[in-house]
Amino acid sequence: MQVGSQLLQYVFTGISVGAIYAIIALGFVIIFHGTRLVNFAQGDFVMVGGMSMIMFVGMGMPVLPALLLSVITGVVVGSLVYRLVVQPAGEVGGLRMFMLMIGAGVCIRGFAQAGWGAEFRLFPPFSGEKPIVIFGAMLHPQVLWILGITMLLFIAFYFFFERTIQGKALRASSMNRLAARLLGIRVTTMSLLSFVLAAGSGAVAGLLITPITTMNYSAGMMFSFKGYIAAIVGGMRSFRGAVVGGFALGILECLAAGLLTSAYKDAIAFLVLMLFLAYKSVTGEVVYGVTTEQE
Amino acid sequence: MKRVWATLRLKQKVFAGFSLVIILFPVFIESPFFLTVATFIALYGINAVAAGLTMGYTGQLMLAFPFFYGIGAYSSAILTTTYHLDPWLALVIGVVLAGSTAYILGLPIVKLGFLYMGMVTFGILVIGQILMGELTITGGRVGIWEIPPLCIAGFAFDTVTKNFYLAWAITLAVLAVTLNIVNSRTGRALKAIASNELAASVMGINIEKYKNQAHVIQAVYCSIAGSLYANFVAFVDSTSFGLHFSLHVLMMVCVGGMFSVWGALLGAFLVTILMEILRTIIPLLLPGAATSQFEMILYGIGLIVVIIYMPTGLMGWLSRLFQQFALRRHENGAK
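Here goes a summary of the coordinates provided.

Rules behind the numbers
- Residues numbered from 1 in each chain as written.
- Chains lettered and ligands numbered in written order.
- Predicted model: local features only at pLDDT ≥ 70, side-chain atom pairs only at ≥ 80, totals over all residues.
- Heavy atoms only, no water.
- Salt bridge = Lys/Arg side-chain N within 4 Å of Asp/Glu carboxyl O.
- Helix = DSSP H or I, 4+ residues; strand = E, 2+ residues; numbered from the N terminus.
- Buried < 20%, exposed > 50% of the residue type's maximum accessible area, 1.4 Å probe, protein only.
- Contact = heavy atoms within 4.5 Å.
- Buried area = accessible area lost by both parts, 1.4 Å probe.
- Polar contact = N/O pair within 3.5 Å; in protein donor to acceptor, adjacent residues only side chain to side chain.
- Nonpolar A, V, L, I, M, F, W, Y, C, P; charged D, E, K, R; others polar.
- Patch = residues over 30% accessible without salt bridge, like charges linked within 9 Å, V, L, I, M, F, W, Y side chains within 5 Å.
- Areas by Shrake-Rupley, 256 points an atom, 1.4 Å probe, with all protein chains shown as cover.
- Phe/Tyr/Trp six-rings, centres within 6.5 Å; stacked < 30°, edge-to-face > 60°.

## Description of the pattern of salt bridges
So, point 1. Considering all chains together, one arrives at 11 salt bridges over all chains under this definition.
So, point 2. With a shortest N-O distance of 3.1 Å, Asp 44 of chain A and Arg 109 of chain A are connected by a salt bridge. Here Asp 44 of chain A, found in helix H2 (residues 42–58), pairs with Arg 109 of chain A, found in helix H4 (residues 94–116); they are 65 residues apart in sequence, far enough to count as distant.
So, point 3. Take Arg 109 of chain A: its relative accessible area is 6%, and that puts it in the buried class.
So, point 4. Linking Glu 197 of chain B and Lys 211 of chain B is a salt bridge whose minimum nitrogen-to-oxygen distance equals 3.2 Å. In this pair, Glu 197 of chain B is assigned in helix H9 (residues 197–202) and Lys 211 of chain B in helix H10 (residues 207–233), connecting sequence segments 14 residues apart.
So, point 5. A relative accessible area of 1% places Lys 211 of chain B in the buried class.
So, point 6. The network of salt bridges with common partners includes Lys 226, Glu 253, Lys 265 and Asp 266 of chain A.

Structure, rendered in structure tokens:
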């Protein structure tokens, strides 16, 4: 029983972390659908959401307006990244795109440190600290909020991209920009929309996770890489895959950190990626260097 | 002397002139601070040349170079302090270790697509840094102290000036080797892979073999730089071989120009100087402010601006300028 509840505890922690990875992975998939870019600043949107929530709550604002304002801050940062970095660069591929997005992330981190300082901070959870006990394992009430909102976001994005004309236009504009433009789709608006959606959901992830883990300016990069790994494992195009990949990665990471040592926590995601790619290459599905859909 | 000079080609003249500047540098500037900065430029320069060769010339996102830099540094540190080996032997063992690690890791990596390769090599860097900070053989978080300097037949490289000459001599050697690689069959094969892999493979270039060769060359260069670093600073810990270092080098490669060997060195020079200037100016302008935030903002903006407006870096921009100038002179001559 003792061991069982211990394991369950790791799984609970894993679920809350995994939900955040899932939201970040959703952001990767959205921007990939909208622009064919891999946005390595995605984790920094999470950081911006969390840090601005801390700031607004610290100013004495009630939770709901603070929440709205932090999402808006995230959206503003996301649109700035699109307008100032992605749009002027035009169609770049490969190495330049990678360096560009890394540069955008570094820039956001620098401004965040200048504005919010370097210390780790957090703010009180939405509905108290009193944990719910299930089979001897503690479930933080914030985790329920995280799970609920992750599911809502997933369903909303799924419907938006599969069932609405705007969502279909967004997907079309990434498949063939010229053809989409000939059909009357405003391609740049659609790309901007994908950045707004991704940054907004990233900010939501940030303000959800901050009450249970701490947040500081440099947290974004690891979020980006882990979210991207979740998106790769999930298939890079599929919303369902991104969510499943995110949860799987979070639970695996927390189990490994709990059962082995927490020092190796950051290595788990990359090991998962390596094993995944090795498996894919054994089954012959992995892309050979010549044609990659990600370039 | 004059006759020898006349027989040299332009590339060789540039190289000879540059070597002369390096040799004369400590004669005119004796401040240990500037010499230390110049030595670090050499160490960064080797890394930047290695990164430029794999990322610019070959067009592969191989981000694990800080890991190989760390292998070199830790090999030198461990073998000279715990096992009391000769520092040069330790350097060679480090190079062999880094090269063979790179070869074995490279076998599966070269099969991957662009961003997958980037993510996997970045993972190697992250895992490597964690291991360096956790294992007992590497001294854990404390690191390894009191690493002896390199020496040749009783002549120890124990002062800043001596280390400056040592580091730059090896950097010039690396530069010469790289310039020769770039202008050889291997270099042309690497360039062909960068421009179009399918076309290159149709031409009979063994893509995986050449990509792995580039990976091994990168590892060997970085390992040499790492050993020099360990013997120069006399102290290693895992924080020097992580994300910050890789960002630093990527910045240099992008600013200088990743499609040129000289460009990588120019980038190392410019970025290091710029950061040193920043570190002295900001505390004067804004007392009490941390410099790292301005460093990051400047890094980010600099990277974005260079990537958007100067895709071939400063060196590409300069060479285009030079070509236009030569063309105009040629046209004027034709009239």
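## Examining the interface of chain B and chain A
So, point 1. The interface of chain B with chain A comprises 42 residues on the first partner and 47 residues on the second.
So, point 2. For the pair chain B and chain A, the two sides together bury roughly 4,000 Å², of which 82% comes from carbon and sulfur.
So, point 3. It is Leu 115, Tyr 116 and Met 119 of chain B in chain B that bury the most area against chain A; as a group they hold 18% of the surface buried on that side.
So, point 4. Where chain B touches chain A, the interface holds 0 salt bridges.
So, point 5. Linking chain B with chain A are 2 residue pairs in polar contact (both at pLDDT 80 or more).
So, point 6. Residue assignment for the side of chain B that touches chain A shows that the elements contributing at least two residues are helix H6 (114–134), H9, H10, helix H11 (243–256) and helix H13 (291–309) of chain B.
So, point 7. Take the side of chain B that touches chain A: its biggest share by element is 13 residues, from H6 of chain B.
So, point 8. When grouped by side-chain class, the residues that make up the side of chain B that touches chain A number 32 nonpolar, 5 polar and 5 charged.

## Side note on a nonpolar patch on the surface
Residues and elements named next belong to chain B.
So, point 1. Judged by side-chain polarity, Leu 20, Ile 23, Leu 24, Val 27, Phe 28, Ile 29, Phe 33, Phe 34 and Tyr 165 come together as a nonpolar surface patch covering roughly 890 Å² of accessible area.
So, point 2. Those elements giving two or more residues to the nonpolar patch turn out to be helix H2 (10–28) and helix H3 (32–57).
So, point 3. No other element matches the 5 residues that H2 contributes to the nonpolar patch.
So, point 4. Among the structural elements, Phe 28 can be located in helix H2.
So, point 5. In this structure Phe 28 comes out as exposed when scored by relative accessible area, which is 67%.

## Some points on the environment of Met 55 of chain A
So, point 1. Among the structural elements, Met 55 of chain A can be located in helix H2.
So, point 2. Along the primary structure Met 55 of chain A and Leu 122 of chain A are separated by 67 residues, whereas in three dimensions their C-alpha atoms are 9.8 Å apart.

## Thoughts on the packing of aromatic side chains
Residues and elements named next belong to chain A.
So, point 1. Summed over the entire model, instances satisfying the criterion amount to 28 aromatic pairs over all chains.
So, point 2. Ring centres of Phe 161 and Phe 239 lie 4.9 Å apart, and the angle between their planes is 40°; on these two criteria the pair is classed as tilted. Remark: Phe 239 occurs in helix H10 (residues 239–259) and Phe 161 occurs in helix H5 (residues 141–163); sequence separation between them is 78 residues.
So, point 3. Its relative accessible area of 0% is what places Phe 161 among the buried residues.

## Focus on unusual backbone geometry
So, point 1. The backbone phi angle of Arg 36 of chain A is positive, close to 70°, even though this residue is not glycine.
So, point 2. Taking the relative accessible area as the measure of exposure, Arg 36 of chain A reaches 29% and is therefore partly exposed.
So, point 3. Residues other than glycine seldom take positive phi values, yet Glu 146 of chain B does so here, at roughly 55°.
So, point 4. You can see Glu 146 of chain B is positioned in the loop between strand S1 (144–145) and strand S2 (151–152).
So, point 5. With a relative accessible area of 70%, Glu 146 of chain B lands in the exposed category.

These results come straight from atomic positions and should not be treated as a statement about function.
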